[in-house]
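What follows is the residue order along each chain.
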Amino acid sequence: MATIELKHVDRTYGGGVKAVDDLSITIESGHFVSLLGPSGCGKTTTLRMIAGLDAPDGGEILLDGKTLYSKREGLVVPTEKRGMGLVFQSYALWPHMTVAQNVAFGLEMKGMERKAKILRVGEVLELMHIASLEKRYPAQLSGGQQQRVALARMLAVSPDVLLLDEPLSNLDAKLRLEMRVELKRLHETLGNTVIYVTHDQLEAMTMSTKIAVMNEGKLQQYSAPMEIYQKPANLTVASFVGNPPMNLVRKNGSAGRSGEPAWDLGILDCFAGPKAGARTIGVRPEDILLIRPGSRPTHSGEAAYWIRRARVETVLPTGSEWIVGMETGGVRFFASARDEPCCLDAGEVDMAVPIASLHVFCEDDTRMKLS
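It should be emphasised that the depicted structure is a prediction, and the values quoted were computed from it without experimental measurement.

Caption draft 1: Just the environment of Arg-153, in detail. Mapping Arg-153 onto the fold places it in helix H4 (residues 143-156). When its relative accessible area of 17% is taken as the criterion, Arg-153 is described as buried. Spatially, the C-alpha atoms of Arg-153 and Gln-101 are 9.3 Å apart, while their sequence positions differ by 52 residues. Not counting the four nearest positions on each side in its chain, Arg-153 is found in contact with Tyr-91, Ala-92, Leu-93, Trp-94, Asn-102 and Val-103. Reaching out from Arg-153, the side chain makes a polar contact with the backbone oxygen of Ala-92 at a distance of 3.0 Å.

Structure, rendered in structure tokens:
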């Protein structure tokens, strides 16, 4: 078991900068949890406090009910006694040691007997698919291979908790994909509790069992990946998670060229649910259907749609999809589609959005319950 609890944890740096603000979260044993958010949101500080590398200013941190830190009790368990393995953005491999020697380093610090150490190193190298590299030095390895060695060194000491601070950010796109697959395989194989810091939502969505979205030191939402994507708790989460990001139409939006306020796009006029208190409407780019002006969505059945004429501004083919930028009533929208859009040869297009796919947010920017 390796359940981690943070209770009302605070961390303020010099100058009064609040890095972490009253953070309470429970990371259940065996989960792969990503701390996701923009730079400066407090995710790395949170990881360092869990590891014992940074001391909170208040609150408590517990591992399986045992206190690792408590301001009230004046208790601080040192890093080396917390049973956690750390891998950072910098691999920090010893350049004068071979792969096998680097992996064995932590075992030597623990005083493991030589025969047992050799067996353990061999097991971990096999697990990470780098057994053939055991006699090479770090300078003879690619970035992806160095990352595997850093992970192997951490896994060799059998930590209860794996703490990873943006370990893939130095890799190219292909290697990042390979290492995401590798990390997910490792988690499924070993079942350790993993805490992973990233600003890359694709990493968080593809690997995590749960995601903690943070902003300005505060926890915004802590849920399963698809729950966060499909039901963002507030505008901060809605605007950060998703690529292209969610289209947002605000009640007090500025007037467009025709003098038409953004709110008068008529989106909620098509909606039969509660509207009182609604301030912002969100539309995911993939929920926008692009149809020729005056036509209706095919295979729409009984589904209700909001349909609006828009002026096409740009068409961006990515290979796997098409991203279309449009403007209507002074509001810019982005749509994404797998198939070639119908508007390549036209200056205008009709946007059709299923009413059921709308995201509605209240005056305080929290998600409105529509049921």
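Caption draft 2: Local environment of the sheet that holds strand S19 (residues 359-362). Within the open sheet, the three strands sit side by side as S12-S13-S19. Their pairing is antiparallel. Of all strands in the sheet, those bounded by a partner on one side alone are strand S12 (247-250) and S19. If you compare each strand with its neighbour and ignore which way they point, the axes differ by 25° on average. Here S12 pairs with strand S13 (residues 278-283) via four bridges, running antiparallel. Within S13, the position partnered with Arg-250 by the bridge is Thr-280.

Caption draft 3: Fine view of the nonpolar core. If you look at the biggest cluster of nonpolar residues, it comprises 35 residues, and the most contacted ones within it are Val-99, Val-103, Met-128, Ile-130, Leu-151, Leu-155 and Leu-164. Every element with two or more residues in this core is listed here: helix H2 (99-109), helix H3 (114-127), H4, strand S8 (161-165), helix H5 (173-190) and strand S9 (193-198). Counting residues per element, this core draws most heavily on H4, at seven residues. Those residues within four positions of Leu-155 in sequence are excluded, and the remaining contacts are Arg-120, Val-124, Leu-127, Met-128, Leu-162, Leu-186 and Leu-190.

Caption draft 4: Representation of the packing of aromatic side chains within the structure. Under the counting rule described, the total for this entry stands at three aromatic pairs. An angle of 40° between the planes, with centres 5.8 Å apart, marks the rings of Phe-32 and Tyr-196 as tilted. Of this pair, Phe-32 sits in strand S3 (residues 32-36) while Tyr-196 sits in strand S9, and the two are 164 residues apart along the sequence. A residue is classified by how much of its surface remains accessible, and Phe-32, at 1% relative accessible area, is buried. For Tyr-196, a relative accessible area of 0% gives the class buried. Arranged with centres 6.0 Å apart and planes meeting at 40°, the rings of Trp-306 and Phe-333 form a pair that is tilted. Of the two residues, Trp-306 sits in strand S15 (residues 305-317) while Phe-333 sits in strand S17 (residues 331-337), which places them 27 residues apart along the sequence. For the pair formed by Trp-306 and Phe-333, the shared burial category is buried. Its end group placed over the ring of Tyr-229, Arg-284 keeps NZ or CZ at 4.0 Å from the ring centre.

Caption draft 5: Main features of the pairing of S8. A large share of S8 lies buried, amounting to five of its five residues. The alternating pattern of S8 places Val-161, Leu-163 and Asp-165 and Leu-162 and Leu-164 on opposite faces, both of which are buried. Direction of pairing for strand S7 (residues 84-87) relative to S8: parallel, over a ladder of four bridges. Within S8, the position partnered with Met-84 by the bridge is Val-161. At this point the chain moves from S8, through H5, to the parallel S9, and the crossover so formed is right-handed.

Caption draft 6: Quick peek at helix H1 (residues 43-51). By the criterion of burial, H1 is predominantly enclosed, with seven of the nine residues buried. Of the residues making up H1, those classed as buried are Lys-43, Thr-45, Thr-46, Leu-47, Met-49, Ile-50 and Ala-51. Following H1 by one or two positions, Gly-52 adopts a phi angle in the positive range, close to 90°.

Caption draft 7: Structural detail: unusual backbone geometry. A cis geometry characterises the amide bond from Asn-243 onward to Pro-244, with omega recorded as 0°. Among the secondary structure elements, Pro-244 is positioned in the loop between helix H8 (235-240) and S12. For Asp-64, which is not glycine, the phi dihedral falls at a positive 55°. Position of Asp-64 relative to the elements: it lies in the loop between strand S4 (58-63) and strand S5 (66-70). Backbone geometry at Asp-365 places phi at a positive 75°, although glycine is not the residue there.

Caption draft 8: Expanded view of the packing of H4 against H5. Across the interface, H4 lies against H5 with an axial gap of 11 Å and an inter-helix angle of 20°. As far as their axial angle goes, H5 and H4 are roughly parallel. Once H4 is placed against H5, the crossing between them reads as right-handed. When H4 is examined against H5, the residues Gly-144, Gln-147, Arg-148, Leu-151 and Leu-155 are found in contact with a partner set consisting of Leu-175, Met-179, Glu-182, Leu-183, Leu-186 and Leu-190. Looking at the contact of H4 with H5 residue by residue, the classes come out as seven nonpolar, two polar and two charged.

The rules behind each value
- Residues numbered from 1 in each chain as written.
- Predicted model: local features only at pLDDT ≥ 70, side-chain atom pairs only at ≥ 80, totals over all residues.
- Heavy atoms only, no water.
- Helix = DSSP H or I, 4+ residues; strand = E, 2+ residues; numbered from the N terminus.
- Buried < 20%, exposed > 50% of the residue type's maximum accessible area, 1.4 Å probe, protein only.
- Contact = heavy atoms within 4.5 Å.
- Polar contact = N/O pair within 3.5 Å; in protein donor to acceptor, adjacent residues only side chain to side chain.
- Pairing = 2+ DSSP bridges.
- Axes fitted to C-alpha atoms, helices over the stretch in contact; angles between N-to-C directions.
- Core = buried A, V, L, I, M, F, W, Y, C linked by side-chain atoms within 4.5 Å.
- Phe/Tyr/Trp six-rings, centres within 6.5 Å; stacked < 30°, edge-to-face > 60°.
- Lys NZ or Arg CZ within 6 Å of the ring centre and 35° of its normal.
- Right-handed = clockwise from strand over helix to strand, strands pointing away.
- Parallel < 35°, antiparallel > 145°, perpendicular 65-115°, else oblique.
- Left-handed = near helix turned anticlockwise from the far one by under 90°.
- Nonpolar A, V, L, I, M, F, W, Y, C, P; charged D, E, K, R; others polar.

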